[in-house]
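Fold and geometry: a report
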Amino acid sequence: MINMQRVEIFVAVVAVGSFTGAAQTLGLTKAVVSSNVKSLEEELGVSLLTRSTRRVSTTDSGERFYHHCLRLLQDAERVLEDVRSEHSGLSGSLRITTTPEYGVRFIVPALAAFSARHPQLRIQHVSSSKNDDLISGRFDVAIRLGHLADSSHHARLIDRFDILPVASPDYLKTLGAQSVRDLAQLAEAKWIAHSRLSTPLSWQVTTPEGENVFFSALNPPTIMADSASSLLAFALEGAGVAILPAWLIKDELAKGDLIQLLPKHHFPRQGIYALYPNTRHVPEKVRAFIDFLHIRLQDR
């Protein structure tokens, strides 16, 4: 049977890239760390690490084993936390990643309320525009917006939102118009697009008559950015047309700083998903938070 302490030591060495750093992190001596990793390699019959004077790195076998070890340690931690929660409520840590914009508006308030209900639970929130890997990032939950790509993780749809083509009044003046009147005119506009979308300027659009048509901009985007807040800032500066979440631009539309184009046409609604690792044991803290968030968003 595998020695879990050796697994934990090996993971620490890989995470910090050195035996010395792992020893400091774990409160052990360098000799103990090195000896345990060597014993682990002997048990497995493979070399896990390539050693140099300054740094250690994983072999191909070591890299695969490292990711298996991360899952193993996470499963063990979740089992222990669930056993404890039966007696003292939710405890341990809940590590969540979201986009900065949606996180600040919806997830952070939800986490604050959830934390108040479960004071023994430590909350860790990470804002990132990138789709960080759940396993290597050791995240319990990731909130993803838009179209969900195929994934090995579990996913639960918790809400939906509209996306709207918008532009500033100043940009519309450059077109010699107060609004965009049809899809053809919209297709000819200057576009601001999200760089993380594979096809940011191609959409199935529902017309006022209820017909589904394929819409595609005629020209490549003039400006690309990797966050919704940057797209919003460019649109407010009159740089072109952007397709943005309705929840993000509610205030700008109300103040007239942005104008919704073709309001009787409907771009496809997007999903809000909670992703969590595909493990045999789903922690109670993960289930509880996703249920809590789903109810909270439905009640908005």
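Now for a look at the structure at hand.

A separate point is the sheet that holds strand β5 (residues 141–146). Here 5 strands make up an open sheet; going across it, the order is β4-β3-β5-β14-β6 and the pairing mixed. Edge positions in the sheet fall to β4 (121–127) and β6 (154–161), since each of these pairs with one other strand and no more. Going from strand to strand, the sheet's axes swing by 20° on average, the running direction of each strand aside. Sheet topology places β6 next to strand β14 (residues 270–276); 7 bridges connect them, and they run antiparallel. In the strand pairing of β14, Arg156 is matched with Ala274. Sheet strands touched by helix α5 (residues 100–117): β3 (92–98), β4, β5 and β14. Its angle to β4, the strand with the most contacts, is close to 180°. Of the strands in this sheet, β3, β4, β5, β6 and β14 are in contact with helix α10 (residues 284–298), which crosses β6 at around 15°.

As for its position among the elements, Asp159 is in strand β6. With residues up to four places along the chain from it excluded, the contact list for Asp159 reads Gln270, Gly271, Ile272, Leu297, Gln298 and Arg300.

This part covers the sheet that holds strand β11 (residues 223–225). Pairing between the strands of a sheet is mediated by backbone hydrogen bonds and can be parallel or antiparallel. Strand order across the open sheet formed by 5 strands is β11-β8-β12-β7-β13, with mixed pairing between neighbours. Whereas interior strands pair on both sides, the edge strands pair on one side only; in this sheet they are β11 and β13 (259–260). Pairing of strand β8 (residues 191–194) with strand β12 (residues 241–245) involves 2 bridges; the strand directions are parallel. Each bridged residue has a counterpart across the sheet, and for Trp191 the counterpart in β12 is Val241. Against the sheet, helix α8 (residues 228–236) contacts β8, β11 and β12, and its axis sits at roughly 170° relative to β8.

The next point concerns the pairing of β8. Going residue by residue along β8, you find Trp191 and Ala193 tucked away on one face and Ile192 and His194 tucked away on the opposite face as well. Strand direction decides the pairing type here: β8 and β11, joined by 3 bridges, are parallel. Paired with His194 across the two strands is Ala225, which belongs to β11.

Take Ser39: it is sitting in helix α3 (residues 30–44). Residue Ser39 is classed as buried on the basis of its relative accessible area, which comes to 18%.

As enumerated under the stated definition, the model contains 10 aromatic pairs in all. Aromatic pair Tyr102 and Phe106: ring centres 4.7 Å apart, planes at 35°, arrangement tilted. Note that Tyr102 and Phe106 are positioned in helix α5 at a spacing of 4 residues, about one turn of the helix. Ring plane angle 55° and centroid distance 6.0 Å describe the contact between Trp191 and Phe215, whose orientation is recorded as tilted.

This paragraph deals with a nonpolar patch on the surface. Taken together, Ile2, Met4 and Leu72 make up a surface patch of nonpolar side chains, about 210 Å² in accessible area. Mapped onto the elements, Leu72 comes out in helix α4 (residues 60–88).

Bringing the nonpolar core into the picture now. Judged by nonpolar contacts, the single largest core of 63 residues is most densely connected at Ile143, Leu186, Trp191 and Phe215. For this core, the leading source of residues is α10, giving 7 residues. Not counting chain neighbours up to four residues away, the residues in contact with Trp191 comprise Leu186, Leu201, Phe215, Ala217, Pro221, Thr222, Ile223, Val241 and Ile243. Among the nonpolar cores identified, the runner-up in size contains 22 residues, and Val13, Val56, Phe65 and Tyr66 belong to it.

Each value, and the rule that gives it
- Residues numbered from 1 in each chain as written.
- Predicted model: local features only at pLDDT ≥ 70, side-chain atom pairs only at ≥ 80, totals over all residues.
- Heavy atoms only, no water.
- Pairing = 2+ DSSP bridges.
- Helix = DSSP H or I, 4+ residues; strand = E, 2+ residues; numbered from the N terminus.
- Axes fitted to C-alpha atoms, helices over the stretch in contact; angles between N-to-C directions.
- Contact = heavy atoms within 4.5 Å.
- Buried < 20%, exposed > 50% of the residue type's maximum accessible area, 1.4 Å probe, protein only.
- Phe/Tyr/Trp six-rings, centres within 6.5 Å; stacked < 30°, edge-to-face > 60°.
- Patch = residues over 30% accessible without salt bridge, like charges linked within 9 Å, V, L, I, M, F, W, Y side chains within 5 Å.
- Areas by Shrake-Rupley, 256 points an atom, 1.4 Å probe, with all protein chains shown as cover.
- Salt bridge = Lys/Arg side-chain N within 4 Å of Asp/Glu carboxyl O.
- Core = buried A, V, L, I, M, F, W, Y, C linked by side-chain atoms within 4.5 Å.

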